[in-house]
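# A structural walkthrough
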Amino acid sequence: MSSGWRIFSSVAKGTVNASNGISRAMSGGIESAAANRGSRAVRSGILAPGDPPPPPNSGDFYDYRGVAVPSQLKPLVGPFALGIGIDPRKGNRQQLGLLADDLAQHAAVVGPTGSGKTSSLIVPWIAAALRDGHSVVAIDVTGNLLDQMDAYRHATGPLNARVGRWDFTRPADSVSWNWLADIHSHDGVVAAVEALIGRENPNDPQPYFAQRDRRVLRGLIEAVKATNAPSVANLVAGATDAAMMRRLAAVSSSAASRLAEVTSLPASEFGRAMSGVVNALDVFEH
């Protein structure tokens, strides 16, 4: 028993000594690696991810310690280009881009005017979406996006897409869109009403009038949709002509219930009751 204990004790001491030796070696290796990274940073003037803080009074540094490490960039392999990944010491490494599923969750491109948002990201993303088989709707408030897309197409190749310009200020050059014909669901009607009148304001001191306008416009859209040839012209006419409104209400029972409040009014009161809806539809008269 005594002999066995001595053997066990010797083995245990040997194991502890070995562990301590390994720990010291690992600690020394870590310290040595940190020292190497520190000296490398001092020589290059660049702090890369994983580098320790520079020693005091060692000069100025470009500090990249907070940027992504290469492993974090591996998922950025999509067609919607973000630019080129740059290693602080090795230079350009790889083209980076988002996947379509990433953009489906929404994206915001933020930058001051003239910083290159459109030319660097928006135009290439539109091209990437078209080449990937998607449709693109672009709202251009400056009026030069189509020219920028054309220049990009000449520089990079075909976009494999037809382009249609929708511009109500230039009807001769614009494609037409009967948005009423594209409404196919209850949600579509509600969305159209909200687009024209706006969502309900919880702070409205007199919500009745806005609620009535939404209800009436919804009924009017449903009534016009139930006709053989739904058109915006009939929508506007129904909002301004009591007789036309009654004829439309007779087409759809569900619409008639929403329009009953105004179709029963005398002509002298009809115009005042419909003023909110008429104002919302006034955009189609210009």
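Criteria and thresholds
Residues numbered from 1 in each chain as written. Predicted model: local features only at pLDDT ≥ 70, side-chain atom pairs only at ≥ 80, totals over all residues. Heavy atoms only, no water. Axes fitted to C-alpha atoms, helices over the stretch in contact; angles between N-to-C directions. Helix = DSSP H or I, 4+ residues; strand = E, 2+ residues; numbered from the N terminus. Parallel < 35°, antiparallel > 145°, perpendicular 65-115°, else oblique. Left-handed = near helix turned anticlockwise from the far one by under 90°. Contact = heavy atoms within 4.5 Å. Nonpolar A, V, L, I, M, F, W, Y, C, P; charged D, E, K, R; others polar. Phe/Tyr/Trp six-rings, centres within 6.5 Å; stacked < 30°, edge-to-face > 60°. Buried < 20%, exposed > 50% of the residue type's maximum accessible area, 1.4 Å probe, protein only. Pairing = 2+ DSSP bridges. Expected span 1.5 Å × (residues − 1).

### Some thoughts on the packing of helix H5 (residues 186-197) against helix H6 (residues 207-225)
Look at H5 against H6: their axes get within 10 Å of each other, and the N-to-C directions meet at 130°. In this view, H5 runs oblique relative to H6, as classed from their interaxial angle. The way H5 lies across H6 gives a crossing that is right-handed. Within the contact between the two elements, H5 uses His186, Val189, Ala192, Val193, Leu196 and Ile197 and H6 uses Asp213, Arg214, Leu217, Arg218, Ile221 and Glu222. Considering only residue class, the contact of H5 with H6 consists of seven nonpolar, one polar and four charged.

### Re the packing of aromatic side chains
For the structure shown, the criterion picks out three aromatic pairs. A ring pair is formed by Trp179 and Phe284, whose centres lie 5.6 Å apart and whose planes are at 25°; its orientation type is stacked. Here Trp179 is found in the loop between helix H4 (145-156) and H5, whereas its partner Phe284 is found in the segment after helix H11 (275-281), with 105 residues between them in sequence. The exposure class assigned to Trp179 is buried, which follows from its relative accessible area of 13%. Taking relative accessible area as the criterion, Phe284 reaches 33% and is therefore assigned partly exposed. For the ring pair Tyr208 and Phe209, a centre distance of 5.3 Å and an interplane angle of 70° mean the geometry is edge-to-face. With relative accessibility at 40%, the residue Tyr208 sits in the partly exposed group.

### Topic: the side chain of Ser252
With respect to the helices and strands, the residue Ser252 is situated in the loop between helix H8 (242-249) and helix H9 (253-263). Ser252 sits in the buried class, given a relative accessible area of 12%. If we ignore the near neighbours within four places in the chain, the residues touching Ser252 are Ala223 and Ala226.

### What about the pairing of strand E4 (residues 91-98)?
Sheet topology places strand E3 (residues 80-87) next to E4; seven bridges connect them, and they run antiparallel. The partner of Gly85 across the bridge, within E4, is Gln94. In this structure, the hairpin formed by E3 and E4 is closed by a connection of three residues.

### Some words on the packing of helix H3 (residues 117-131) against H4
At a minimum axis distance of 10 Å, the contact between H3 and H4 shows a crossing angle of 70°. Relative to H4, H3 is oriented roughly perpendicular. For H3 against H4, the interelement crossing comes out right-handed. For the pair H3 and H4, the contacting residues are Thr118, Ser119, Val123, Pro124, Ile126, Ala127 and Arg131 in the first and Leu145, Gln148, Met149, Tyr152 and Thr156 in the second. When grouped by side-chain class, the residues that make up the contact of H3 with H4 number seven nonpolar, four polar and one charged.

### Overview of H6
Taking 1.5 Å per residue, 19 residues should reach 27 Å; H6 reaches 27 Å between its end C-alpha atoms and fits that length. The elements touched by buried residues of H6 are H5, helix H7 (232-240), H8, H9, helix H10 (267-273) and H11.

### Looking at unusual backbone geometry
The phi dihedral of His106 is positive, around 90°, even though this residue is not glycine. Turning to its location among the elements, His106 is positioned in the loop between helix H2 (100-103) and H3. Of the residues examined, His106 reaches a relative accessible area of 72% and is grouped as exposed. You will see that Asn160, though not glycine, has its phi angle at about 55°, which is positive. In this fold, Asn160 is placed in the loop between H4 and H5. Accessibility expressed as a relative area gives 66% for Asn160, which makes it exposed.

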